[in-house]
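What the coordinates show
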Amino acid sequence: MDLYLHDRDAVSDVISSLNRDIEEYKNSVTALTNLINSIDSSSAWIDKTIKTSFVSTARSYVKQYENLIKEMEILVGYLSSKNSSSSSLEDAYARG
């Protein structure tokens, strides 16, 4: 019977791990954005067409990373909600 009990701590650990990953991604995206802005404002590039293309491509990657972060935040919200619901259901069942 204990095999099917909801493991609140395990789900909380996953949520905490995802939150750490989200913060790490956000910091990396900020660093990448700063680098892209630095490249964009630099006059050191000889071929402006390549520079423009490079900056545009790099910004598209940043957009994808930002979308990934949003999806991870949605997953954290979903897991948190389900963890709470499952815990409440299990508590109610255990008392009944």
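Here the structure is a predicted model, which is why all the values come from computation and not from measurement.

When helices and strands are counted, the protein chain shows two helices and zero strands. On C-alpha atoms alone, the protein chain measures out to a radius of gyration of 22 Å, which is more than a quarter above the 12 Å that the 2.2 N^0.38 rule sets for 96 residues. A principal-axis box enclosing the C-alpha atoms of the protein chain has dimensions of 75 × 20 × 15 Å. A buried classification covers 17% of the 96 residues belonging to the protein chain. Nonlocal contacts in the protein chain, meaning residues at least 24 apart in sequence, comprise 73% of its contacts between residues at least 6 apart. Surface summary for the protein chain: the accessible area is close to 7,300 Å², and the carbon and sulfur share equals 56%.

All right, on to the nonpolar core then. In terms of nonpolar packing, the biggest core is built from 12 residues, these being Ile15, Leu18, Ile22, Val29, Ile36, Ile39, Val55, Ala58, Val62, Ile69, Met72 and Val76. At the level of secondary structure, the elements contributing two or more residues to this core comprise α1 (8-41) and α2 (48-95). With near-sequence residues (within four places) excluded, Ile36 lies in contact with Val55, Ala58, Arg59 and Val62.

Together, Tyr25, Tyr61, Tyr65 and Leu68 make up a nonpolar patch on the protein surface, roughly 410 Å² of accessible area in all. Mapping Leu68 onto the fold places it in helix α2. Given a relative accessible area of 38%, Leu68 falls into the partly exposed group.

What follows concerns the side chain of Lys51. Tracing the sequence through the fold places Lys51 in helix α2. Buried and unpaired, Lys51 has Asp40 as its nearest opposite-charge partner, separated by 4.7 Å. What Lys51 contacts, discounting residues up to four positions off in sequence, is Ile39, Asp40, Ser41, Ser42 and Trp45.

Analysis parameters
Residues numbered from 1 in each chain as written. Predicted model: local features only at pLDDT ≥ 70, side-chain atom pairs only at ≥ 80, totals over all residues. Heavy atoms only, no water. Helix = DSSP H or I, 4+ residues; strand = E, 2+ residues; numbered from the N terminus. Rg over C-alpha atoms; globule rule 2.2 N^0.38 Å. Buried < 20%, exposed > 50% of the residue type's maximum accessible area, 1.4 Å probe, protein only. Contact = heavy atoms within 4.5 Å. Areas by Shrake-Rupley, 256 points an atom, 1.4 Å probe, with all protein chains shown as cover. Core = buried A, V, L, I, M, F, W, Y, C linked by side-chain atoms within 4.5 Å. Patch = residues over 30% accessible without salt bridge, like charges linked within 9 Å, V, L, I, M, F, W, Y side chains within 5 Å. Salt bridge = Lys/Arg side-chain N within 4 Å of Asp/Glu carboxyl O. Lys, Arg positive; Asp, Glu negative; His and termini not counted.

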